[in-house]
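Structure assessment
Spelled out, the chains give:
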Amino acid sequence: MSQLLIQMAAEGEAENPLIPPIPELVIGLLAFVIVFGFLAKKLLPNINKVLEQRREAIEGGIEKAEAAQTEAQSVLEQYKAQLAEARHEAARLRQEAQEQGATLIAEMRAEGQRQREEIIAAGHTQLAADRKAAASALRQDVGQLATELAGKLVGESLEDHARQSRTIDRFLDGLDETASQAEATR
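Residues numbered from 1 in each chain as written. Predicted model: local features only at pLDDT ≥ 70, side-chain atom pairs only at ≥ 80, totals over all residues. Heavy atoms only, no water.

Examining the overall build of the protein
Rules: Working definition: helices are DSSP H or I runs of at least four residues, strands are E runs of at least two. Numbering for both runs from the N terminus. Exposed residues in this analysis have more than 50% of their type's maximum accessible area, buried residues have under 20%, and partly exposed residues fall in between, with area computed by a 1.4 Å probe over protein chains only. With residues, only the protein chains shown are counted as cover, and all accessible areas are computed by Shrake-Rupley using a 1.4 Å probe.
Along the backbone of the protein there are three helices and zero strands. Counted from the first residue to the last, the protein has its helices and strands arranged as α-α-α. Here the protein, with 186 residues, has 3% of them falling under the buried criterion. As presented, the protein carries roughly 16,700 Å² of accessible surface, and 62% of it is formed by carbon and sulfur atoms.

So, the packing of aromatic side chains
Two measures describe an aromatic ring pair: the distance that separates the ring centres and the angle between the ring planes. Condition: Only the six-membered ring of Trp is used, alongside the rings of Phe and Tyr, when aromatic pairs are assigned; centres must lie within 6.5 Å, and planes under 30 degrees apart are stacked while those over 60 apart are edge-to-face, with the rest tilted.
Enumeration according to the criterion identifies one aromatic pair in this entry. With a centroid separation of 6.0 Å and 20° between ring planes, the pair formed by Phe32 and Phe36 is classed as stacked. Of this pair, Phe32 and Phe36 are both found in helix H2 (residues 22-154), four residues apart, which corresponds to roughly one turn of the helix. Residue Phe32 shares its accessibility class with Phe36, and that shared class is exposed.

Section: the confidence of the model for the protein
Rule in force here: pLDDT: the predictor's confidence for each residue, scored from 0 to 100.
Mean pLDDT over the protein stands at 82; residues scoring 70 or higher make up 83%. Across the protein, the secondary-structure element scoring lowest on mean pLDDT is helix H1 (residues 2-14), at 55, and the one scoring highest is H2, at 88.

Description of the pattern of salt bridges
Short version of the rule: Should a side-chain nitrogen of Lys or Arg be within 4 Å of a carboxyl oxygen of Asp or Glu, the pair is scored as a salt bridge.
Counted under the stated rule, the structure contains six salt bridges. Note that Arg55 is salt-bridged to Glu52, the shortest N-O span being 2.1 Å. Here Arg55 and its partner Glu52 are both found in helix H2, three residues apart, which amounts to about one turn of the helix. A relative accessible area of 38% means that Arg55 is categorised as partly exposed. Judged by relative accessible area, which is 33%, Glu52 ranks as partly exposed. The salt bridge partner of Arg92 is Glu89, with a shortest N-O separation of 2.2 Å. Of this pair, Arg92 and Glu89 both sit in helix H2, three residues apart, which is roughly one turn of that helix. You can call Arg92 partly exposed: its relative accessible area is 34%.

Written out as structure tokens, the structure reads:
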């Protein structure tokens, strides 16, 4: 076995598969330089150009996104400020409406009270006038009845108007005094 290894080592030194022959190495190197030069001259500028455009697009997109975010933030702050102002205004309007409502209710109550008092005063005035008219009519009717009754009792006519009025007035005054005394004793 060791002989086999030695023999293989001797053959391996003569022909190493990892190291190519020199002419192939020179041709491969020349082909590589030509292909690399072509790629560097033609393809690499286009690749760099595309990469630069992508970089600019990404940076521009980031800048636009930041600008949009800044603008959105300012719009949100404006919206919040307007919303707070609108709420404040609504609260102020509600307060004013409540105050106006309370004032209106107080005014309407005062007006109703005034009208009630006017109606009561007018009713008292009308009642007093009706009482006077009724008393006057009653006096006249009672006086006429009393005169007729007295004329029948006396047997003569008491048609003299002046005498009749005096008699009626004395009679009714006496009734009024009796009524006043009765009320005072109660």
